[in-house]
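This is what each chain is made of:
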Amino acid sequence: MSEYVTKETFEKMREELQQMKTVDRPAASRAIAEAREKGDLKENAEYDAAKEAQGMLEARIKQLEGFISNAKIVDPSSIDTSRVAVLTKVTITNLANKKTITYQIVGEKEADLKSGKISASSPIGKGLLGKSKGEIADIQAPTGLIKFQIENISI
């Protein structure tokens with residue numbers, strides 16, 4: 001499945017992958033070699049820990065490679081702000097409690113609620129996608145149906 005990301009996020013992931021392949025992977029191999037030199041592998045906790053760390057590193061490398069190969073870079077200048085889309089900022093008002101909040105709709109990898117970034121695949125994100133200013137979005141949440149009015153859409 002494709003994931004929408006900004007160019008900055010894409011570059012950060014490429015840098016992280018490069019770091020893991022060129023620095024972390026050789027360091028993990030050295031740690032295993034050093035632990036192997038310490039004798040009996042059956043009772044060598046240091047060897048087991050080094051092998052486990054290497055396995056976790058390889059899993060993360062594989063995960064990042066898969067993500068990078070499927071990522072779709074979104075150019076903010078090409079986004080139509082007449083409707084809620086990935087990378088738009090949307091200001092919504094909860095019609096039940098009249099609270100207003102602004103979220104940026106992003107891909108799963110960039111989602112960070114503390115920063116006001118919600119995933120396009122989250123219940124709120126899905127419910128807002130495609131809506132335009134003034135529309136009401138009915139969103140099914142675990143606590144029940146929530147109605148949000150779209151106040152503004154921007155980049």
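Residues numbered from 1 in each chain as written. Predicted model: local features only at pLDDT ≥ 70, side-chain atom pairs only at ≥ 80, totals over all residues. Heavy atoms only, no water.

A. Representation of the sheet that holds strand E6 (residues 136–141) in the model. Across the sheet, which stays open at both edges, the 5 strands sit in the order E5-E4-E3-E7-E6 with mixed pairing between neighbours. Either end of the sheet is taken by a strand with one partner, and the two such strands are strand E5 (117–119) and E6. For this sheet the average axis-to-axis angle between neighbouring strands, irrespective of direction, equals 45°. Strand direction decides the pairing type here: strand E3 (residues 89–94) and strand E4 (residues 100–106), joined by 5 bridges, are antiparallel. The residue bridging Ile 92 from the neighbouring strand is Ile 101, located in E4. (Pairing = 2+ DSSP bridges. Helix = DSSP H or I, 4+ residues; strand = E, 2+ residues; numbered from the N terminus. Axes fitted to C-alpha atoms, helices over the stretch in contact; angles between N-to-C directions.)

B. View of unusual backbone geometry. Look at Leu 87: it is not a glycine, yet its phi comes out positive at around 80°. Structurally, the position occupied by Leu 87 is in the loop between strand E2 (71–73) and E3. Accessibility expressed as a relative area gives 4% for Leu 87, which makes it buried. Phi at Lys 98 is positive, roughly 65°, even though this residue is not glycine. Relative to the helices and strands, Lys 98 is located in the loop between E3 and E4. (Buried < 20%, exposed > 50% of the residue type's maximum accessible area, 1.4 Å probe, protein only.)

C. The confidence of the model for the protein, seen in detail. Looking at the protein as a whole, its pLDDT mean stands at 88, while 97% of the residues score no less than 70. Highest mean pLDDT in the protein belongs to E3 (94); lowest belongs to strand E1 (residues 3–5) (77). (pLDDT = per-residue confidence, 0-100.)

D. Expanded view of the environment of Tyr 47. With respect to the helices and strands, Tyr 47 occurs in helix H2 (residues 45–70). Considering only alpha carbons, one finds Tyr 47 and Ala 35, 12 residues apart in sequence, at a separation of 4.8 Å.

E. Quick look at the pattern of salt bridges. The final tally for this structure, using the stated rule, is 7 salt bridges. Among the salt bridges present, the one from Arg 83 reaches Glu 135, with a minimum N-O distance of 3.5 Å. You can see Arg 83 sitting in the loop between E2 and E3 and its partner Glu 135 sitting in the loop between helix H3 (123–128) and E6, a full 52 residues away along the chain. Its relative accessible area of 42% is what places Arg 83 among the partly exposed residues. Taking relative accessible area as the criterion, Glu 135 reaches 29% and is therefore assigned partly exposed. Between Asp 138 and Lys 147 there is a salt bridge; the shortest N-O distance is 3.0 Å. (Salt bridge = Lys/Arg side-chain N within 4 Å of Asp/Glu carboxyl O.)

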